[in-house]
2 protein chains.
Amino acid sequence: MTPRVPDSPPAILATYRFPSGVNAQKQAEIIAIGQTLGSTGAHFAGREAALAACRGDVLSVAVNEHESFATVRFPAANTERDIGTLLTMVFGKYSLAGPARLVDLTLPEDVGTRPRFGIDGLRAKVGVPKRPLLMAIFKPALGLTAHDHAELIRSVADTELDLIKDDEILGNLASAPTLERWRACRPLIEAMRDRRGRNFLYAVNVTGRADALLAQARALVAEGANALLVNVLVYGYPLLEALAADPEIQVPLVAHPALAGALSLAPDHGIDYRLVLGKLMRRAGADIVLHPARFGSLPFSAGDEGAVIAALREPAGDWPRVFPGPSAGIKPEVVPALRQDYGDDLVINAGSAIFDFAKGPKAAVTAFFDSLEIY
Amino acid sequence: MTPRVPDSPPAILATYRFPSGVNAQKQAEIIAIGQTLGSTGAHFAGREAALAACRGDVLSVAVNEHESFATVRFPAANTERDIGTLLTMVFGKYSLAGPARLVDLTLPEDVGTRPRFGIDGLRAKVGVPKRPLLMAIFKPALGLTAHDHAELIRSVADTELDLIKDDEILGNLASAPTLERWRACRPLIEAMRDRRGRNFLYAVNVTGRADALLAQARALVAEGANALLVNVLVYGYPLLEALAADPEIQVPLVAHPALAGALSLAPDHGIDYRLVLGKLMRRAGADIVLHPARFGSLPFSAGDEGAVIAALREPAGDWPRVFPGPSAGIKPEVVPALRQDYGDDLVINAGSAIFDFAKGPKAAVTAFFDSLEIY
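Here the structure is a predicted model, which is why all the values come from computation and not from measurement.

Caption draft 1: Layout of the sheet that holds strand β5 (residues 133-137) of chain B. Residue and element names in this part refer to chain B. Sheet architecture is open: eight strands sit in the order β11-β10-β9-β8-β7-β6-β5-β12, paired in parallel fashion. Of all strands in the sheet, those bounded by a partner on one side alone are β11 (323-327) and β12 (347-350). On average, adjacent strands in this sheet sit at an angle of 25° to one another, irrespective of strand direction. Direction of pairing for strand β8 (residues 227-231) relative to strand β9 (residues 253-256): parallel, over a ladder of four bridges.

Listed below in C-alpha cells is the structure:
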C-alpha cells in the first residue's frame, strides 16, 4: 500500500471586498505575493521549489458596479494554525495598503483553539436544556465595592437567572479588586447553585498585562470562579486562545465586543463583523460571544446580526456551536422578536434593564422570563 | 505639615472626531457616562458619591464646517494604568456606536509600561551614537530554512548593518522553527559583535497563543537572543506590555504595524495612526516602532508620518523617546529626504532593497550607507 498523497495541501481562503475604482485582480495578486513571500524575488535563484510551496494564489475575482471581490488561497502551512499567524498573513501588512475589507475566511478544521463548552456544554453546565439563557450585567459599571456586587447578586438570588457578568469596563481596581469581587460573591453564587440544583455562572472580567491576566484567570478558577469575561479585541485573539487551551482554566469563556467597531464599523476598510465577532471568536475558543442587536441601543444592521449569529452557530466541521449573546439596550420587549428570528440558542444579556429597572432587579428578571413565555 | 490634597485627581483626556451631521456634544455626553458608569442610574440611590468619583465629563466641544471634536475627561482611577483598561474605557463599547474616531489621548505619567531602551538605550546597545540605524528584513519572508537565515546573515556579516529582523509573516513554522532560526544565526551574530566590537541585533518574531508567545520569548532570550519582534495589533498591547515588564526579557522590542490599517485607515472610524503606531506603542513599551513612510510602497500621508514620528520622539514627561522605523519599500534613494525631514533618530528598515538587490546584499548595505553620507 502506498501512502495517499493529497491532491493539494490544506489551504486558507480569504475574501476581500474593494470599493469601485480599485483593480481587484491587481490587488489580489499583490496580496498573494506580498502576504506570503513578501517579494517577487527576481534574485532568489535556487529557491523556486521552496517558494512555490509558500506563495498564495488568486482563486477568483468578481466585479460588479459598486464593488469587487477577490478570493486568495494561502497555504495553511504558512501559519501556526492559530489566529495570530492567520490574521497577520491574511490582513497584516496589507491592511495598510488602501481601501479593502476582509469579508470572509474559509479555514481548515485544525486552525484555532476549540471552545471547551459551546452551546451544548454550557446548557449542561447551567442545567437549561432548551430555552434562551438570561445573563445580567452588574450596573452601575463602576463605583461598586466587592460587597456591593454581592448585594446585587443577593437581589436576584431567588430568581432563575442563569448568568451574571462584570461590565467590560470594570478592571482590577483598588475600589473593587477582581479577586475580592469573586470572593464576596462566591457564597451567594454557591447558595444559588445549591438551592436550584443547577449552576449560576459569574463571568468575572479578566484584565491586565497578558501575563498578569493569565495568572489572574488561573487564580480565579483555583478559587472556584465558574466563568470568565474577556475583552478579546483589546487583549487579542491569541490571549483568548491561551485561556481556552489552559488546562487550569476549565470554565466557559465569554467574549466581549469592546473595540470591535474600530475594526468593523467603517464600510470599506477593516474586517467584517461576521469574522471579528463571529468566525474568529469561535475559532479562538469563545463559548458565548456578546454582540449588539438590531433592537438594542447600538447601530447594528439585521445583516450583521444575522451573519454574526450564523457564524457562531452554523455547522462547521466538528467545531462546537457557540452562543450568540445579543446585548446593549436589551429589554424584555425585544426578546420575542429575537427568539422568533433566531430561536432558542441565545444568551439574552441585559444590564440597565435589570439593575436600573423601576420595580427592582427581581421584577426585571421576572419580566424577562415572562417575555420568554409569550413566544 | 498637612498632606497636600491635589485639586483634582489624575485624569485621562480622550479626544474624538465626528463627521459633520453628528451632534458632538450629545455623543460626548454619551461617552462620558456610557464609558464609565454605563448607565444614568436613576435607581442607584445612595451611591451618588461613589458614582460621582467615577463618571467622565465633557471637557470641550469644537464644531466646524466639516467635522467636530469633543474631549472627554475620565478619572485615571477607572483604569489599571495600563493600555488594556485604557482602550476599553476610551473606545471599547463606544467604538460600535457610530461614526467617531479616537484622535488623541492625554495620559498621566503612570499609564503604561516603560520601554526598557528607547533611543538612548538602543544606541548604546549597538554602539552607534548619532547616525540613523540600518535594519534589514530577511527576504523572502517564507520558504527559508534556519540554515538559509544564517546564510543571509553571512552575506552581510562584514558590513556595518545594525539590525536584522524576521518578516512579520514568519511564525514558528515546521520549515524553520523560531528557536532553530536563532540557534542557526547566533554564532554569526556573535562573530559580528566580536569583529566590530558592537552588537548586531536580530529581532526574532515571537508568535503563538499568548502563553506560548511569552514562553517562547523567554526561551529565546535565555539562549542569547538580543531583540524581539512583535505584531502588536494582532497580539495586543497588553502582550507587548507583558514583554516590556518581564524581568527575563531584557532586550529591545520592535513593534510591527501589521493590522494597524484595519484600525486606522478609514477616515471617519477607528483610531488615528498617531495613537495606534505612536503614543500607544511607546506607552506599551516598544523601543522601535515600524511604520509606513510616505516615500515607500504603502499609502501613508506626510501628516500621519509626521504625527507618528512626533508621538514616538517628542518629550513626554520622563518617558523614553523611542525609535521610529520607516518601512515598506524603503530604498537608498529616499533616505536623504527622510533624514532631512526627521533627523538622525530613525531606524531605516529595508527588506527587498537589501536581499533582492541586483548586486547582492552587501552592495545594498553599502548603498544605504552611501545614502547616509550624501546628506
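Here the narrative resumes, following the displayed structure.
Caption draft 2: Region of interest: the interface of chain A and chain B. Taken together, the contact between chain A and chain B spans 85 residues of the former and 85 residues of the latter. Both sides of the chain A and chain B interface together cover about 6700 Å² of buried area, and 64% of this is carbon and sulfur. Looking at the side of chain A facing chain B, the largest losses of area belong to L96, I169 and R209 of chain A, adding up to 11% of the total buried there. In this structure, the connection of chain A to chain B is made through two salt bridges. At the junction of chain A with chain B, the criterion picks out 18 residue pairs in polar contact (both at pLDDT 80 or more). Mapped onto the side of chain A that touches chain B, the elements with two or more residues apiece are α2 (48-54), α3 (83-92), α5 (146-155), α7 (210-222), α8 (232-235), α9 (237-245), α10 (260-264) and α14 (352-355) of chain A. Here the side of chain A that touches chain B is built from residues that sort into 46 nonpolar, 27 polar and 12 charged.

Caption draft 3: The relation of the copies chain A and chain B, seen in detail. Of the transformation placing chain A onto chain B, the axial shift is 0.0 Å and the rotation is 180°, giving an RMSD of 0.0 Å. Expressed as a symmetry operation, the mapping of one chain copy onto the other fits a two-fold axis. Residue by residue, 100% of the interface of chain A is reproduced at the interface of chain B, so both copies engage with the same surface.

Caption draft 4: Quick look at the pairing of strand β1 (residues 11-19) of chain A. All names here are of chain A. Counting buried residues along β1, seven of its nine residues qualify, which places the element largely inside the surrounding structure. Where β1 and strand β3 (residues 67-75) come together, nine bridges link them in antiparallel fashion. Looking at β3, one finds that L13 is bridged to R73. In terms of strand pairing, β1 meets strand β4 (residues 101-106) through five bridges, oriented antiparallel. Within β4, the position partnered with A14 by the bridge is L105.

Caption draft 5: Representation of the packing of aromatic side chains in the model. With the rule as written, the count across this model stands at 12 aromatic pairs over all chains. With a centroid separation of 6.4 Å and 35° between ring planes, the pair formed by Y16 of chain A and F91 of chain A is classed as tilted. Of this pair, Y16 of chain A sits in strand β1 while F91 of chain A sits in helix α3, and the two are 75 residues apart along the sequence. Y16 of chain A sits in the buried class, given a relative accessible area of 0%. Taking 6.0 Å as the distance between ring centres and 45° as the angle between the ring planes, the aromatic pair formed by W182 of chain B and Y202 of chain B counts as tilted.

Caption draft 6: The arrangement of helix α13 (residues 335-342) of chain B in detail. Buried within α13 of chain B are the following residues: V335, P336, L338, R339 and Y342 of chain B. End-on, the buried residues of α13 of chain B take up no more than an arc of 160°, which puts them together on one face.

Caption draft 7: Seen up close, helix α12 (residues 302-313) of chain A. Residues and elements named next belong to chain A. Over its 12 residues, α12 extends 16 Å from the first C-alpha to the last, a length consistent with the 16 Å expected when each residue adds 1.5 Å. E305, A307, V308, I309, A311, L312 and R313 are the residues of α12 that are buried. Buried residues belonging to α12 abut α4 (118-126), α11 (273-283), β10 (288-292), β11 (323-327) and α13 (335-342).

Caption draft 8: Examining the nonpolar core more closely. In terms of nonpolar packing, the biggest core is built from 212 residues, with V90 of chain A together with V90 of chain B touching the most fellow members. Of the residues forming this core, the biggest block, seven residues, is contributed by helix α11 (residues 273-284) of chain B. Apart from residues lying up to four places away in sequence, V90 of chain B is in contact with I12, A14, Y16, Q35, F74, L102 and L105 of chain B.

Caption draft 9: Representation of the domain arrangement of chain A. All names here are of chain A. Each assigned domain of chain A is listed with its residue range as follows: domain 1 (11-106) and domain 2 (118-373). Here the C-alpha centre of domain 2 lies 34 Å away from the C-alpha centre of domain 1. Interface of domain 1 and domain 2: buried area, both sides summed, is about 1400 Å²; carbon and sulfur atoms make up 55% of it. Where domain 1 touches domain 2, the interface holds three salt bridges.

Caption draft 10: Representation of the sheet that holds strand β3 (residues 67-75) of chain B. Residue and element names in this part refer to chain B. Spatially, β2-β3-β1-β4 is the arrangement adopted by the four strands of the open sheet, whose pairing is antiparallel. Sheet topology places β2 (57-63) and β4 (101-106) at the edges, where each strand pairs with a single neighbour. Across the sheet, the mean angle separating the axes of adjacent strands is 20° when strand polarity is ignored. Against the sheet, helix α1 (residues 24-34) contacts β1 (11-19), β2 and β3, and its axis sits at roughly 20° relative to β3. Seen against the sheet, helix α3 (residues 83-92) touches β1, β3 and β4 and runs at an angle of roughly 40° to β1.

Caption draft 11: Fine view of unusual backbone geometry. Residue and element names in this part refer to chain A. In the segment running from K139 into P140, the intervening peptide bond is cis, with an omega of -5°. By the secondary structure assignment, P140 is in the loop between β5 (133-137) and α5. Of note in the backbone geometry, L259 takes a positive phi value of approximately 80° without being a glycine. Among the secondary structure elements, L259 is positioned in the loop between β9 (253-256) and α10. Under the relative-accessibility criterion, L259 is labelled buried at 5%.

Caption draft 12: Molecular detail of the packing of α7 of chain A against α9 of chain A. Residue and element names in this part refer to chain A. Following both chains from N to C, one finds α7 and α9 inclined at 30°, their axes separated by 11 Å at the closest point. What the angle tells us is that α7 and α9 run roughly parallel. Every pair of crossing elements has a handedness; the one defined by α7 and α9 is right-handed. Taking contact as the criterion, the partners of A210, L213, L214 and A217 in α7 are, on α9, L239, A242 and L243. Residue classes in the contact of α7 with α9 are distributed as seven nonpolar, no polar and no charged.

Caption draft 13: Summary view of the side chain of T178 of chain B. Structurally, T178 of chain B is set in helix α6 (residues 178-196). In contact with T178 of chain B, not counting residues within four places along its chain, are G171, N172, V204, N205, Q216 and L220 of chain B.

What counts and how
- All chains use their own residue numbering, which begins from 1 and follows the written sequence.
- As a convention, the first chain written is A and the first ligand written is 1, with the rest following in written order.
- At least 70 in pLDDT is required for a residue's local features to be given in this predicted model, at least 80 for side-chain atom pairs to be given and counted, and no such filter applies to totals for whole chains, interfaces and linings, which use all residues.
- For the side-chain quantities, the full set of heavy atoms in the structure was used; hydrogens and water were omitted.
- Two strands qualify as a pair provided that DSSP identifies no fewer than 2 bridges between them.
- Per the convention used, a helix needs a DSSP run of H or I reaching at least four residues, while a strand needs a run of E reaching at least two, with both numbered from the N terminus.
- Orientation is described by axes fitted as lines to C-alpha atoms, over the contacting stretch for helices, and by angles from 0 to 180 degrees between their N-to-C directions.
- Contacts are assigned to residue pairs with any non-hydrogen atoms lying within 4.5 Å of each other.
- Throughout, the accessible surface (probe 1.4 Å) given up by two parts as they are put together, summed over both, is called the buried area.
- Throughout this description, the term salt bridge denotes a Lys or Arg side-chain nitrogen within 4 Å of a carboxyl oxygen of Asp or Glu.
- The definition of a polar contact used here is a pair of N or O atoms within 3.5 Å, where within protein one atom must be able to donate a hydrogen and the other to accept one, and adjacent residues in sequence count solely through side-chain atom pairs.
- Charged residues are taken to be Asp, Glu, Lys and Arg, nonpolar residues to be Ala, Val, Leu, Ile, Met, Phe, Trp, Tyr, Cys and Pro, and polar residues to be all remaining types, Gly included.
- For the least-squares superposition of copies, only C-alpha atoms count, and only for residues with pLDDT at least 70 in both.
- Only protein chains enter the accessibility calculation, which uses a 1.4 Å probe; a residue is then buried when its area is under 20% of its type maximum, exposed when over 50%, and partly exposed in between.
- Stacked, tilted and edge-to-face are the three classes applied to pairs of Phe, Tyr and Trp rings, where Trp contributes its six-membered ring and a pair requires centres within 6.5 Å; stacked means planes under 30 degrees apart, edge-to-face means over 60, and tilted covers the rest.
- This arc describes the spread of directions from the helix axis toward the C-beta atoms.
- Expected span of a helix, by definition, is 1.5 Å for each gap between consecutive residues, and there is one gap fewer than residues.
- Residue types Ala, Val, Leu, Ile, Met, Phe, Trp, Tyr and Cys, when buried and joined through side-chain atoms within 4.5 Å, form a set referred to as a nonpolar core.
- Note that the domain bounds reflect an automated or database-derived domain assignment.
- Between 65 and 115 degrees an angle is taken as roughly perpendicular, under 35 as roughly parallel, over 145 as roughly antiparallel, and anywhere else as oblique.
- Crossings are assigned a handedness: left-handed for a near helix turned anticlockwise from the far helix by less than a right angle, right-handed for a clockwise turn.

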